[in-house]
Amino acid sequence: MDHNWVGQPDASRASVLKPNQQHPQRNEWGGYVQAIYGLDEHWNLVARGEAFQSRYQQKPSDNWLVGVVYRPVPAVSWKVEYLETSGAQLDLSRGLYASMAVLF
């Protein structure tokens, strides 16, 4: 991101379906909806909802995330987020996470 959207929300979404021709009841699908709100030139709030149906589970996995991102410079971000999960248990655990990223 090479510019900031202070005070303006940004929304994104995506979805995917992977049909299984031999076993139609084992189709795999997933999608998310995400909103980001720029508080100022360095701080953003993030909210995301995800759903994923694994071919190996009977129920989909639903995940909800809220977080805050700090960007001291455009190429560096520090993120703290809380993840809540329900439905099928995949390799995600509910709880508080922190991360740092550098774009190059």
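Let me begin by describing the structure that accompanies this report. These numbers come from a predicted model, not from an experiment.

1. Remarks on the layout of surface pockets
- Each pocket or cavity is described by its volume, and for the largest pocket that value is around 190 Å³.
- Lining of the largest pocket is provided by 11 residues; of these, Ile-36, Val-46, Val-69, Arg-71 and Lys-79 occupy positions nearest its centre.
- Looking at the lining of the largest pocket, the elements with two or more residues in it are strand S2 (28-38), strand S3 (43-53), strand S4 (61-73) and strand S5 (76-87).
- A breakdown of the residues in the lining of the largest pocket according to their chemical character gives four nonpolar, three polar and four charged.

2. Description of the environment of Ala-35
- With respect to the element layout, Ala-35 can be found in strand S2.
- By relative accessible area, Ala-35 is classed as partly exposed at 38%.
- The spacing of Ala-35 and Leu-45 is 10 residues in sequence and 8.2 Å in space, taken between C-alpha atoms.

3. Some words on the pattern of salt bridges
- Counted by the stated rule, this structure contains three salt bridges.
- Note that Lys-79 and Glu-81 form a salt bridge whose closest N and O atoms lie 3.6 Å from each other.
- Overall, Lys-79 belongs to the partly exposed group, its relative accessible area being 28%.
- We classify Glu-81 as buried; its relative accessible area is 15%.
- Across the salt bridge formed by Glu-84 and Arg-94, the nearest N and O atoms sit 3.0 Å from each other. Placement of Glu-84 in strand S5 and of Arg-94 in the loop between S5 and strand S6 (95-102) is noted, with a sequence separation of 10 residues between them.
- Given the relative accessible area of 29%, Glu-84 is considered partly exposed.

4. Brief notes about the side chain of Thr-85
- Examined against the element boundaries, Thr-85 turns out to sit in strand S5.
- With sequence-adjacent residues up to four places away left out, Thr-85 is seen in contact with Asp-62, Asn-63, Leu-92 and Arg-94.

5. Some remarks on the pairing of S4
- Note: S3 against S4, 10 bridges, orientation antiparallel. Its bridge partner lying in S4, Asn-44 is registered against Val-69.
- Sheet analysis places S4 next to S5, joined by 11 bridges and oriented antiparallel. When the bridges of S5 are listed, Asn-63 appears paired with Thr-85.
- Taking the residues between adjacent antiparallel strands as the criterion, S4 and S5 are bridged by two residues.

Calculation notes
Residues numbered from 1 in each chain as written. Predicted model: local features only at pLDDT ≥ 70, side-chain atom pairs only at ≥ 80, totals over all residues. Heavy atoms only, no water. 1 Å grid on protein atoms, 1.4 Å probe; cavity = no way out; pocket = protein on both sides within 12 Å on 5 of 7 lines; lining within 4 Å. Points joined across faces, edges and corners; volume = space filled by probe spheres on them. Helix = DSSP H or I, 4+ residues; strand = E, 2+ residues; numbered from the N terminus. Nonpolar A, V, L, I, M, F, W, Y, C, P; charged D, E, K, R; others polar. Buried < 20%, exposed > 50% of the residue type's maximum accessible area, 1.4 Å probe, protein only. Salt bridge = Lys/Arg side-chain N within 4 Å of Asp/Glu carboxyl O. Contact = heavy atoms within 4.5 Å. Pairing = 2+ DSSP bridges.

Interpretation note: all reported values are geometric properties and have no functional meaning in isolation.
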